[in-house]
Each structure stands twice: as C-alpha cells, then as structure tokens.
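Below, each chain spelled out in residue letters.
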Amino acid sequence: MVRLLASVRDVDEAVAAATAGADFIDLKEPADGALGAVAPEAIARIVSVLRARHPGVRISATVGDLPAHEVDEILARVRRVEACGVDYVKVGVWPSPSPGPVHALLEALAQQGGDVVPVLLVDAGLDESLVRHALAGTAFPAVMLDTTEKRRGSLLQRVPLATLAGFVATVRAHGRMVGLAGSLRVDDVPTLVALDPDFAGFRRALARYGRAGTLDPRLVRRLRRALAAHADAPLPAGA
Ligand SMILES: O=C[C@H](O)COP(=O)(O)O
C-alpha cells in the first residue's frame, strides 16, 4: 500500500497525524513555503514525543526553502536537523537555468552521508538529469517530487502521468524509496495508488482553512482509508 506522509508543524499536529494513521510524520512549517523549516529545538521536542508515543512512525524534517547555490548553508542545516534525531532530512532541489549548481548540491549532499532525501521541485517539469544525479551512487534512501506553486493544481495535473510512472519505476529500479507530493487531493488517490510510489506526501488535503491552517486528523483518516481502498488499482488508459 502507498504509505501516507503527513506534513505537520508542531507536536499537537504530529501526535494527531500519527494517531490517525500517518506512516511518515514530516516536520515542516507550511506557512513558510513548500519546504518551510521548523526550528531545530522544536524538531527535537517533537521527535522525543513521537518516539515515546508512536515508535513505529518514521520522521522526516525539512531544512527550509534555499536555492542550490547556498550549498554551505544547506549542508549546515542538514547537520543541525540530523542532530535532532529524525530518520530523514528532506532537501528541496530547485531546477535552475544552468544545471551546474544543482548538480553540485546533489553531489555535496551525497558526500555528506546521512539520510538526506532530495525533493525535486517540478513546477517547470521533471529534469531527468536531476533524477540521474540523485540516483548516482548510493547516498539517498529515497527521492521525492513536490511542487512549490500550491494553487496551480495537483502534481498529477501538472506532470504527465507517463513521466511520473517513469520516475517511480526508475527510482525503484535503483533500490530507493520513491515519494510523490504536490497539492495532492483525496480525488487523486486512485491514480496515485496506480502509480504506486512508496509514499505520498500531503499537507493541503489534511488541513482546514488552507495549507497553512490546522491539520484535521479526520482528513488524515479519510486519506488513509482511501489509500487502502484503492490498493492495486490499474493506471488509467494512455498513462
Ligand atoms: O511533503 C509533502 C508536502 O508537505 C505536500 O504539501 P501539499 O500537499 O500542500 O502540496
């Protein structure tokens, strides 16, 4: 079954999402962008509460929205977030007109080791060269797609399904986990399940009063049920 990654901003949301059945708790401040950061002290506190109350849940956290050329700051933040005891550190990878800085960032993250998960931002389409770079070597346990412009429709409307299916197959063929996110909605679940990533990430669909509003555990349960109900669905014709 596609596992559910729920983005949360604080300890109350984290416990509520884990109790409602989220498999991955992703610590992120949704009011501060696609990969807005939670302060390290808060991350450490949430990790200790989740480890005690939901030991089975996997925990990720983000480092904030930073462009690829700020590689030293990104690496410093990765180290700070890792020190909080999370399982994965998500780092946003924005495409740039010249791919050099982005490739250099991926190489620097790979050398750093640890459990960094590159999140490729695909508002302008999927740059296959970034996927190849992310999969070179064995550094990253997972690779994920997401979007930054959250009001422009879901990932499934913005990237061709055949491209997404190819991405899932390529990452999995390299033995990594593959994740999809980007304004995904409960209506996307049948197609999402057919694409069969290891996990799907949600914030907007879990929150009341917009993405930066409050997480509603009933919406987490609803998505969890939908993911289970559509397991093994085929891809739509033409994908
Ligand atoms: O990591 C997943 C993201 O937080 C997804 O957020 P979104 O559903 O609002 O695009």
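Definitions and limits used
Residues numbered from 1 in each chain as written. Predicted model: local features only at pLDDT ≥ 70, side-chain atom pairs only at ≥ 80, totals over all residues. Heavy atoms only, no water. Helix = DSSP H or I, 4+ residues; strand = E, 2+ residues; numbered from the N terminus. Rg over C-alpha atoms; globule rule 2.2 N^0.38 Å. Buried < 20%, exposed > 50% of the residue type's maximum accessible area, 1.4 Å probe, protein only. Areas by Shrake-Rupley, 256 points an atom, 1.4 Å probe, with all protein chains shown as cover. Lys, Arg positive; Asp, Glu negative; His and termini not counted. Charge placed at Lys NZ, Arg CZ, Asp CG, Glu CD. Pairing = 2+ DSSP bridges. Axes fitted to C-alpha atoms, helices over the stretch in contact; angles between N-to-C directions. Contact = heavy atoms within 4.5 Å. Phe/Tyr/Trp six-rings, centres within 6.5 Å; stacked < 30°, edge-to-face > 60°. Salt bridge = Lys/Arg side-chain N within 4 Å of Asp/Glu carboxyl O. Expected span 1.5 Å × (residues − 1). UniProt positions renumbered as here; feature names shortened; annotations may be inferred. Polar contact = N/O pair within 3.5 Å; in protein donor to acceptor, adjacent residues only side chain to side chain. Near = heavy atom within 4 Å. Nonpolar A, V, L, I, M, F, W, Y, C, P; charged D, E, K, R; others polar. Parallel < 35°, antiparallel > 145°, perpendicular 65-115°, else oblique. Left-handed = near helix turned anticlockwise from the far one by under 90°.

**Some thoughts on the overall build of the protein chain**
Here's step 1: Helix and strand counts for the protein chain stand at 9 helices and 10 strands.
Here's step 2: Over its C-alpha trace the protein chain gives a radius of gyration of 16 Å, about what one expects of a compact globule, namely 18 Å for 239 residues.
Here's step 3: Dimensions of the protein chain, computed from C-alpha atoms along their principal axes, come out at roughly 45 × 45 × 30 Å.
Here's step 4: Out of the 239 residues in the protein chain, the part that is buried amounts to 53%.
Here's step 5: Of the roughly 9900 Å² that the protein chain leaves accessible, carbon and sulfur atoms contribute 51%.
Here's step 6: Counting 28 positive and 27 negative side-chain charges, the protein chain places the centres of these two groups 5 Å from one another.

**Some thoughts on the sheet that holds strand β6 (residues 142-146)**
Here's step 1: Read around the closed barrel, the 8 strands follow the order β1-β2-β3-β4-β5-β6-β7-β8; overall the barrel is parallel. Looking at each pair of strands side by side, their axes are set apart by 25° on average, direction ignored.
Here's step 2: Inspection of the sheet shows strand β1 (residues 3-8) paired to strand β2 (residues 24-27) by 4 bridges, in the parallel sense. Within the sheet, the bridge partner assigned to Val 8 lies in β2 and is Leu 27.
Here's step 3: Its contacts with the sheet put helix α1 (residues 11-19) on β1 and β2, and the angle it makes with β1 is roughly 165°.

**Thoughts on the packing of aromatic side chains**
Here's step 1: Counted according to the given criterion, the structure contains 2 aromatic pairs.
Here's step 2: Centre to centre, the rings of Phe 24 and Tyr 88 are 6.3 Å apart; their planes meet at 40°, and the pair counts as tilted. Remark: Tyr 88 occurs in strand β4 (residues 88-93) and Phe 24 occurs in strand β2; sequence separation between them is 64 residues. For the pair Phe 24 and Tyr 88, a shared accessibility class is recorded, and that class is buried.
Here's step 3: Residue classification places Phe 24 among the buried residues on the basis of a relative accessible area of 2%.

**Quick notes on the pattern of salt bridges**
Here's step 1: All told, the structure shown has 17 salt bridges when counted by the stated rule.
Here's step 2: Overlapping salt bridges, with partners in common, bring together Arg 9, Glu 13, Glu 29 and Arg 203 in one network.

**Quick notes on helix α4 (residues 100-112)**
Here's step 1: Here α4 contains 13 residues, and its C-alpha end-to-end distance of 18 Å stays within 8% of the 18 Å for a straight helix at 1.5 Å per residue.
Here's step 2: Those residues of α4 lying buried are Val 102, His 103, Leu 105, Leu 106, Ala 108 and Leu 109.
Here's step 3: Where the residues of α4 are buried, they touch α3 (71-82), β4, β5 (116-121) and α5 (128-135).
Here's step 4: Positive phi shows up at Gly 113, right after α4, with a value of about 75°.

**Let's talk about the UniProt feature "active site" (unreviewed entry) in the protein chain**
Here's step 1: The sites that UniProt annotates as "active site" (unreviewed entry) are Lys 28 and Lys 90. Across 63 residues of sequence, these annotated residues stay compact in space, with a maximum C-alpha separation of 9.7 Å.
Here's step 2: The topology assignment puts Lys 28 in the loop between β2 and α2 (40-53).
Here's step 3: Once residues lying within four places of it in the same chain are set aside, the contact partners of Lys 28 are Ser 7, Val 8, Arg 9, Ala 34, Leu 35, Gly 36, Val 38, Thr 62, Lys 90, Asp 146 and Arg 211.
Here's step 4: Within the structure, the side chain of Lys 28 is placed 3.4 Å from the side chain of Asp 26, a separation counted as a polar contact.
Here's step 5: With respect to the helices, strands and loops of the structure, Lys 90 is situated in strand β4.

**Regarding the site of the ligand**
Here's step 1: The environment of the ligand is made up of 16 residues, and the closest members are Ser 7, Lys 28, Lys 150, Ser 183 and Arg 211.
Here's step 2: One of the backbone nitrogen or oxygen atoms of Arg 204 is found 3.0 Å away from an oxygen atom of the ligand.
Here's step 3: Within the side chain of Arg 211, one N or O atom sits 2.5 Å away from an oxygen atom of the ligand.
Here's step 4: For the ligand, whose free accessible area comes to 300 Å², the fraction covered by protein is 100%.
Here's step 5: Residues that form the shell around the ligand fall into these classes: 4 nonpolar, 4 polar and 8 charged.

**Here we look at the packing of α1 against α2**
Here's step 1: Their axes nearest at 10 Å, the elements α1 and α2 cross at an angle of 25°. Viewed along their axes, α1 and α2 adopt a mutual orientation that is roughly parallel. Considering how the two elements wind past one another, α1 and α2 form a crossing that is right-handed. Along the contact surface, α1 presents Val 11, Ala 14, Val 15 and Ala 18, while α2 presents Ile 46, Val 49, Leu 50 and Arg 53.
Here's step 2: Considering only residue class, the contact of α1 with α2 consists of 7 nonpolar, no polar and 1 charged.

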